Amino acid sequence: MKIRDNIHYPKHEFIKNYPLLSEKILDRTLADLAEKEDILVFPTDLSKIKDLDGDNKIVEGINDSVHFKNIVGFIGQGSENLVIQSRFSGQNSDYFFNYLLQKVLNINIVDLETGLSFDQYFYQLLIYMFPKYLNSAMRKGLYKEYRKFEYNDSNVRGVLDIARHVRTNIPFRGNIAYSTREFTFDNNLMELVRHTIEFIKLSKNNAKNILRSSKMTQNNVAAVIEATPRYQINNRRKIINSNKVTPIRHAYYTEYRILQRICLMILMGQKHDLNSNGNKVKGILFDVAWLWEEYVNLLLGDDFKHPQNKSKEDGIFLYSEMYKKHRNLRVYPDFYNATTIIDTKYKQLDSSIKREDRYQIISYLHILNCKNAGFVYPTKEVGGLDRIGDLSGLGGNIFKYGLHIPQEVADFSEFSWKMLKSEQDVMINLVAKLNNTVSHGQ
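Worth saying up front: this structure is predicted, and the values here are computed from it rather than measured.

Cut-off values and rules
Residues numbered from 1 in each chain as written. Predicted model: local features only at pLDDT ≥ 70, side-chain atom pairs only at ≥ 80, totals over all residues. Heavy atoms only, no water. Helix = DSSP H or I, 4+ residues; strand = E, 2+ residues; numbered from the N terminus. Buried < 20%, exposed > 50% of the residue type's maximum accessible area, 1.4 Å probe, protein only. Axes fitted to C-alpha atoms, helices over the stretch in contact; angles between N-to-C directions. Parallel < 35°, antiparallel > 145°, perpendicular 65-115°, else oblique. Left-handed = near helix turned anticlockwise from the far one by under 90°. Contact = heavy atoms within 4.5 Å. Nonpolar A, V, L, I, M, F, W, Y, C, P; charged D, E, K, R; others polar. Pairing = 2+ DSSP bridges. Phe/Tyr/Trp six-rings, centres within 6.5 Å; stacked < 30°, edge-to-face > 60°.

S.K.: Quick one: what's the story with unusual backbone geometry, residue by residue and with numbers?
M.R.: The step from Ile170 to Pro171 runs through a cis peptide bond, and the omega angle for that step is 5 degrees. As for its position among the elements, Pro171 is in the loop between helix H6 (162–168) and strand E10 (176–184). Unlike most non-glycine residues, Asn6 shows phi in positive territory, near 55 degrees. Within the element layout of this structure, Asn6 appears in the loop between strand E1 (2–4) and strand E2 (8–10). Looking at Asn6, the relative accessible area reads 34%, which means it is partly exposed. Backbone geometry places Asn369, a non-glycine residue, at a positive phi of 55 degrees.

Below you can see the structure in the form of structure tokens.
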């Protein structure tokens, strides 16, 4: 069964079709699911989700219905598999979601095998995401931690191990058994990453090519291999169990915690029967509103600043410097430059703009003293630039721009080609022509 995002679905039918899943995910918060189930949520830092946070629910019960929000992806437990598609999906495919994955996360969707089952596609997608999160973690450098080493020689530099010494060094030949705790790269986490790399190398499909997908990935794979000289394939189960019971907790190594979870899911998953065992829900979920915002960021490029609300980056002061008491109050448009403010919406804005969204964009316009303020949203309609009007008083143009999402396409290649045309139209009609349109009053 496939369900689309942002819909209301009869509660009794959902519970009937998904008795296990409905009990596990209905009205549970995003943070709780990510922490207690085998579910990966992207963005992995929940603070980056604009319209959701850890307290929000993926599926919420409202009277006699359940409401699916801006979340797409795959959830499964036992024989129950649920695919949540974007509202732009076709009957048999979700090219829009796949296209956003390809653009934002650099996942080569073309290489993903077609005709896969839920379990197979889920499992292969995990593998294709591995390089991105390996590279993200390795930006912090190789992970180091203390590990116990056992020695038996005459150069004593640690704690004596009497029992082992008696067992191995009687009669005495000059060696002494002792152990040390040393800060090392060759620890259980890096061994887990190494096992994942070696596992992917043996893949029988195109997945093994992802380890050569970029120079950065190749360098990081080589660094992991060099840092794990004690790697032995026979130790895989031991390494997996060790990482299961000792997850990375330190806030500085958040990226390694995510990488650890991906590695465990890859190594523990069974390609043809991923959800057959265990009481935990397994899945990969994406905030499609976040994907849409990051996609628009790629289209706009360096011409626009992209403030980060939750991380308090590039915010705009609400009051002037003379009001020092409230100086720290800031606002965070999605994108802005010297003339234009842009807010991204995954909402359906074909008919009208909600009052609170309109008031928000107007406040941004006057605080920054810009000429234009508006919304960029996806649409099934023809789309394009819609100049709503000039504001009374201090003036300023309010607009919305619908980026056309192709619907009638034969395959992903045709969808990508038509999306490229839509993207070119954005650059021409939004970025290049907007100021000219306003100045001529057209």
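Picking up after the structure, the text goes on.
S.K.: Requested: an account of helix H4 (residues 95–105), with residues and values cited.
M.R.: Most of H4 sits inside the fold, with nine of its 11 residues counted as buried. Among the residues making up H4, those that are buried are Tyr95, Phe96, Phe97, Asn98, Tyr99, Leu100, Leu101, Val104 and Leu105. Two residues or fewer past H4, Asn106 is found with a positive phi of approximately 55 degrees.

S.K.: Quick one: what's the story with the packing of helix H7 (residues 188–201) against helix H10 (residues 254–268), residue by residue and with numbers?
M.R.: Two elements in contact, H7 and H10, have axes separated by 10 Å at closest approach and are oriented at 45 degrees. Looking at the two axes, H7 sits oblique to H10. Judged by the sense of rotation from one axis to the other, the crossing of H7 with H10 is left-handed. Residues Leu189, Met190, Leu192, Val193, His195, Thr196 and Phe199 of H7 pack against Tyr256, Leu259, Gln260, Cys263, Leu264, Ile266 and Leu267 of H10. Among the residues forming the contact of H7 with H10, the class breakdown is 11 nonpolar, three polar and no charged.

S.K.: Would you mind going over the pairing of strand E18 (residues 397–404) in detail, with residue names and values included?
M.R.: Among the eight residues of E18, seven are classified as buried, and the element is accordingly described as predominantly covered. For strand E16 (residues 372–379) and E18, the ladder comprises eight bridges, and the chain directions are parallel. Bridge pairing in E18 links Pro378 to Leu403. Sheet topology places strand E17 (residues 384–390) next to E18; six bridges connect them, and they run antiparallel. Residue pairing for E18: Asp386 is matched across the bridge by Lys400. Count of turn residues in the E17/E18 antiparallel hairpin: six residues, of which Gly393 carries a positive phi of about 80 degrees.

S.K.: Hey, could you go over the packing of aromatic side chains for me, with residue numbers and the actual values?
M.R.: Note on aromatic pairs: each is described by the distance of the centres and the angle between the planes. The tally for this structure, following the rule as stated, stands at 18 aromatic pairs. Ring geometry for Phe42 against Tyr133: centres 5.2 Å apart, planes inclined by 50 degrees, an arrangement best described as tilted. A residue pair is termed long-range when its members are at least 10 positions apart, and Phe42 in strand E3 (residues 38–42) and Tyr133 in helix H5 (residues 118–138) qualify at 91 residues. For Phe42, a relative accessible area of 0% corresponds to the buried category. Classification of Tyr133 as buried rests on a relative accessible area of 8%. Judged by centre distance (5.9 Å) and plane angle (40 degrees), the ring pair of Tyr95 and Phe415 falls under tilted.

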